[in-house]
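# Architecture and fold: a report
Residues per chain are reported as follows:
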Amino acid sequence: MSALSRPDRRTVLRLPIGVGALGTGAGASAASAAATAPTAPTAPMAPTAPASGDAWTFGLMCDTQWGADADGENPGAIAGGLQRLIDERMIELGAAFLIQVGDNVDVEDDRYNGRPEVRTLPIKGELVQPLYDAGIGFYTLRGNHESSQTAAQELPEVFPQHLGEGDHPLGGATNFSSPSELLAGLSYSFDVKNVRIIMLDQFTRPDGTGSTGDNILDQLDWIEERVMSRSEDMHCIIAAHKNLIGGNHVDCLFGADPSDNPDGVDRFLRICDEGGVAFVWGGHDHHHKRSIITSTDGRHSVEQLIAGSDSSKFYTPDRPAIADTYGGPSETVLAEELWTLTHYVITVDGPNLSVDFFSMSTGVDYGPASLTATPPETGWSWREGWGSSLNGASFVVAPGERYTVVTDEFEGTTAAIIEGTNTSERTDYAGRTMSRRIVTGWEPAQAGDASHRLHLHGMHHNIALHDEDLTGQLPDQDETGQGDRFVLELTGDARPFRADGSYGVAQRTDSGRWANAVTGNHTGTTQFVKGAYREGYDVGTYGVDPRTKKAWAVLDHGGVFALRRGI
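Described in the following lines is the structure provided in the data block. Going along each chain's sequence as written, the residues are numbered from 1 onward. Given that the model is predicted, a residue must reach a pLDDT of at least 70 before its local features are reported, and side-chain atom pairs must reach 80 or more before they are shown or counted; all residues, however, enter totals for whole chains, interfaces and linings. Heavy atoms from the whole structure form the basis of all side-chain values; hydrogens and water molecules are not counted.

Geometry is summarised by axes, namely lines fitted to C-alpha atoms with helices restricted to the contacting stretch, and by angles between N-to-C directions that run from 0 to 180 degrees. Secondary structure elements are taken from DSSP: a helix is a run of H or I of four residues or more, a strand is a run of E of two residues or more, and numbering for both begins at the N terminus. In the contact formed by helix 6 (residues 220-228) and helix 7 (residues 262-274), the axes pass within 9 Å of each other and the chain directions differ by 10°. It follows from the interaxial angle that helix 6 and helix 7 lie roughly parallel. Here Leu220, Asp221, Ile223, Glu224, Val227 and Met228 of helix 6 lie close against helix 7, whose contacting residues are Gly264, Arg267, Phe268, Arg270, Ile271 and Glu274. Residues are grouped as follows: nonpolar covers Ala, Val, Leu, Ile, Met, Phe, Trp, Tyr, Cys and Pro; charged covers Asp, Glu, Lys and Arg; every other residue, Gly included, is treated as polar. Looking at the contact of helix 6 with helix 7 residue by residue, the class counts come to six nonpolar, one polar and five charged. Small angles under 35 degrees read as roughly parallel and large ones over 145 as roughly antiparallel, with 65 to 115 read as roughly perpendicular and the rest as oblique. Whether two residues touch is decided by their heavy atoms; if any such pair falls within 4.5 Å, the residues are in contact.

Shown next, in the form of structure tokens:
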């Protein structure tokens, strides 16, 4: 098996989302079948993507506004209690650094606590000291709650790591850059290993100039240079406070509503698409939403995450949706969760990157809340995961459409979904149906593999937690990672092929070991078939075709897969 190649990132990922690399995908003709006795599946595998030994992590958090400090944990108009909980999570995980997408404070002075002469951004710096003490970097940007000229001058002083300077840990970051001396430490980029992070500031500048709606326009040349100049084995993520299209706030990254500065928006989307930007992250709207933002001409797209709330405030999306009310780019919804506390863990595993979303109850009955005290810690629940890859492809599958568009090839290994339909009927709060974005990626074969290793993201059911009639403290459990029934087919090196049930599609577990992929299913029983796949086999059935040397498995979950013996 040849070593992992480095394809041209811009060739692979320049395609609009939903268009992937070509590969084999047709099922083979029927063959004789001999079935083993069915066995019950083992417990489902963890929903998070198993990572290799070289993987590393960082974190993402959201707006941390707060009111008066009623419980002694929330000084300076900042959600200090929630900051503490997330600091503890990052330390527990051994994260390299933590990113925040703005609104570090609710107001720039401590008027809520009777100290209007005290600036609050330095208090934010004190609240992340546990991260610094653990050697973890912290990188933030401004939101509309610290948008003044004074805050523009203050932010790089409180957080000199934005410039690659000072005594605070950098979390491995190098190669710092800003669009200009005026914006140094406000808009900035940095590299950590094989990831480039680009942080965007759109607010009043240190010299008092600039318009919030137009301030990204004169940064587009720098953004394009930062995106396009990185090496082909480097991921790229862009973060800002306001979104391309919001859920609750009409104002956005490029103006007062999504239709403003259309040429700038279209150029930004082109840069993201042609440059293979994994995600654009924002805050501002205080609820979790993933969607695909597509240019007005339909040519360029990027996946947007509106990161949920880490503050006392929880906003409800507009009905009808903002994207359907104003002109500008279009939006395809992938997931939504309202009225919970949130954070995100990003795992970088060579050319593959995965994001896991965790949330926790606000401590009161489910629904819009306004907190005055840090809620009791009820435990973080895993809610959903998704991914990006430098060497794979992505496919958008709408409800009712077939997953058979998913087909990919890498260095002699082919992967295809040969049967399965998106059966989702879930909608967002505004009533829009949710699609699924399926992402493939690859890592090279290792000892014992008969194929390269396929990363398959996005197969689980869409998360849609937004029903105002629900009661209780939600979420109160992990999501399972279960999705629709589908059939995955793999081909690779035919030399280790066996047709006795011991060879086939395997899945890497959290422990790093390999198991028959169907044992990770949430339903069905394990049953082997010698022969080609036939329509209608139940979840849990797996087999091999001696004629074509293809292996297949009927699954209800994603993960990391390879062909192996000894399953």
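The next thing to look at is the environment of Asp556. Along the polypeptide, Asp556 turns up in the loop between strand 28 (550-555) and strand 29 (559-565). Beyond its immediate stretch of four places on either side in the chain, Asp556 contacts Gly481, Gln482, Gly483, Asp484, Phe486, Gly520, Asn521, His522, Thr523 and Val539. Any pair of nitrogen or oxygen atoms within 3.5 Å is treated as a polar contact; in protein, a donor-acceptor pairing is required on top of that, and neighbouring residues in sequence qualify only through side-chain atoms on both sides. Within polar-contact distance, the side chain of Asp556 engages the backbone nitrogen of His522 at 3.0 Å. Within polar-contact distance, the side chain of Asp556 engages the side chain of His557 at 3.3 Å.

This part is about the environment of Asp207. Relative to the elements of secondary structure, Asp207 occurs in the loop between strand 8 (195-199) and helix 6. Through-space distance from the C-alpha of Asp207 to that of Leu183 is 9.9 Å; in sequence the pair is 24 residues apart. Every residue in contact with Asp207, bar those within four places of it in the chain, is listed here: Gln149 and Leu182.

Another point: the pattern of salt bridges. For this analysis, a salt bridge means a side-chain nitrogen from Lys or Arg found within 4 Å of a carboxyl oxygen belonging to Asp or Glu. Counted under the stated rule, the structure contains 35 salt bridges. A salt bridge links Arg508 to Asp349; the shortest N-O distance between them is 3.8 Å. With Arg508 in strand 24 (residues 503-508) and Asp349 in strand 14 (residues 341-349), this residue pair connects regions lying 159 residues apart in the sequence. Given the relative accessible area of 3%, Arg508 is considered buried. Asp349 gets classed as buried once you look at its relative accessible area, which sits at 8%. Connected through salt bridges with shared partners, the residues Asp349, Glu443, Asp449, Arg453, Arg508 and Arg564 form a single ionic network. Three labels apply to residues, based on accessible area from a 1.4 Å probe with only protein chains included: buried if under 20% of the type maximum, exposed if over 50%, partly exposed otherwise in between.

This next bit is on the pairing of strand 20 (residues 436-443). Taking burial as the measure, the eight residues of strand 20 include eight buried ones, the bulk of the element. Neither face of strand 20 is exposed, since Arg436, Ile438, Thr440 and Trp442 on one face and Arg437, Val439, Gly441 and Glu443 on the opposite face are all buried. Here, strands pair whenever DSSP counts at least two bridges between them. Direction of pairing for strand 17 (residues 394-397) relative to strand 20: antiparallel, over a ladder of four bridges. Each bridged residue has a counterpart across the sheet, and for Phe395 the counterpart in strand 20 is Ile438. Sheet analysis places strand 20 next to strand 21 (residues 453-457), joined by five bridges and oriented antiparallel. Pairing of Thr440 across the sheet is with Leu456, part of strand 21.

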